[in-house]
Structure formats: structure tokens, C-alpha cells
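Here are the chains, one letter per residue:
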Amino acid sequence: MEMRKLIDFLNFVVVAYNEALENVGLDSQLINAQMARAFKEKAAHIIQDDFALDITGDNIQDIIKSFSERIKETGICQKTEIIEISDTNLTLKTGDSILNQADKILLRDRPNDYIPASPIISMLSSFLEEKTGKNCIIQKYEFIPEENSSQFTITLE
């Protein structure tokens, strides 16, 4: 299968799973938390070994910086920008993500304050939880079409 078709397929799977989970009554925060747990407990070896997403750091800022760099290096996102970072808050912009197509589809016919579940933020949350005990709670999501970017405002609890 060619890469473009594989990415399209991945995006449609993400959309289908999100829609299915929301249809049974789960909200995006719960979906994100459960994805983070699954990444940590079931898929850590795939993420770290097979996909080479080896995140370093022992504190929140170092982990987030390492994550931001590694998702660019691996091609998950072509661009990342840490807009704000502290021990309790994070604003992260990801651009040209392999999952941007899913985000666009999930946002159709949704209110402006809709927050889609995000596998990328769930991966970050799994690393933070394992090393610091903190979880990512997305407070605000914005898709910026002219930049093909997603901006996440996150509370770290």
C-alpha cells in the first residue's frame, strides 16, 4: 500500500473510532485518558522501539520538549511549536500532522468549542504520566486552516 493511502486509511480509522466511542456516550477527555493508558500499558514497546519515539527527560518541560522534537523527527508532525509551558499548563501547536485529515473530519458540524480526542496528545500524556504522574487535559482545541495546524491548550494535572 502506498504511503498516502496508508495515511488516509489511518485517518479514517481514527475518525471511526472517535465517532463510535462518542456515540456510546464517552467524551473526548475520557477517550484521551484511556488512549494514554493504552499507549502506556499495551503499546509502549511499539511506540518506543518500533517507531523510535524514545522520549527523554525527567521533568515536565524536558519531556514536552523531547516529545515535540521527536514527533517532528519521526514525521508524525512536520511542525511543532511550544507556545507556553509550565508545570501546570501547556499550549502546543502541531502542524502538517499525519492526523490532520481526521481532525478536519471530526470538526465537521461540531460547535466551535468542540475538542476532538487526539492520539498525539494521548501519547504525550502517557509519557508524562509515566515519568511525572501528570496527565494532559485538553482545555481548548483550535484548528488553524491557513497553517494546517492544530493548537492544544492543556492543563497538566
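About the criteria used
In this numbering scheme, every chain counts its residues from 1 along its sequence in written order. Confidence filtering applies because this is a predicted model: local features only for residues at pLDDT of at least 70, side-chain atom pairs given and counted only at 80 or more, and all residues used for totals across whole chains, interfaces and linings. Just so you know, side-chain values use all the structure's heavy atoms and leave hydrogens and water out. Each helix is a run of H or I in the DSSP string that is no shorter than four residues. Each strand is a run of E no shorter than two, and both are numbered from the N terminus. As a reference, a globule follows 2.2 Å times the number of residues to the power 0.38, and the radius of gyration itself is taken over C-alpha atoms. A simple rule labels every residue: compare its accessible area, found with a 1.4 Å probe on the protein chains alone, to the largest value its type can have, and call it buried under 20%, exposed over 50%, or partly exposed in between. Here, any two strands with at least 2 DSSP bridges between them count as paired. Every angle, taken between N-to-C directions, lies between 0 and 180 degrees, and every axis is a line fitted to C-alpha atoms, over only the stretch in contact when it is a helix. A pair of aromatic rings is counted whenever rings of Phe, Tyr or Trp (Trp by its six-membered ring) have centres within 6.5 Å, and the orientation is called stacked for planes under 30 degrees apart, edge-to-face for over 60 and tilted otherwise. In our convention, an over-ring charge means Lys NZ or Arg CZ found within 6 Å of a ring centre and within 35 degrees of that ring's normal.

(A) Molecular detail of the overall build of the chain. Check the secondary structure of the chain and you find six helices and four strands. Taken from the N to the C terminus, the helices and strands of the chain come in the order α-α-α-α-β-β-α-α-β-β. Computed over its C-alpha atoms, the radius of gyration of the chain comes to 15 Å, within 12% of the 15 Å expected for a compact globule of 157 residues. Taken along its principal axes, the extent of the C-alpha atoms in the chain is 40 × 35 × 35 Å. Counting the 157 residues in the chain, one finds 41% classified as buried.

(B) Structural detail: the sheet that holds strand 2 (residues 89–97). The strand order across the open sheet formed by four strands is 1-2-4-3, and the pairing between neighbours is antiparallel. With partners counted over all chains shown, the strands left at the sheet margins are strand 1 (77–85) and strand 3 (136–144), one partner each. The average undirected angle you get between the axes of adjacent strands in this sheet is 20 degrees. For strand 2 and strand 4 (residues 149–156), the ladder comprises seven bridges, and the chain directions are antiparallel. Following the sheet pairing, K93 is matched in strand 4 by Q151.

(C) A look at the packing of aromatic side chains. In this structure the tally under the stated criterion is two aromatic pairs. It is R110 that lies over the ring of Y114; its NZ or CZ is 4.3 Å from the centre.

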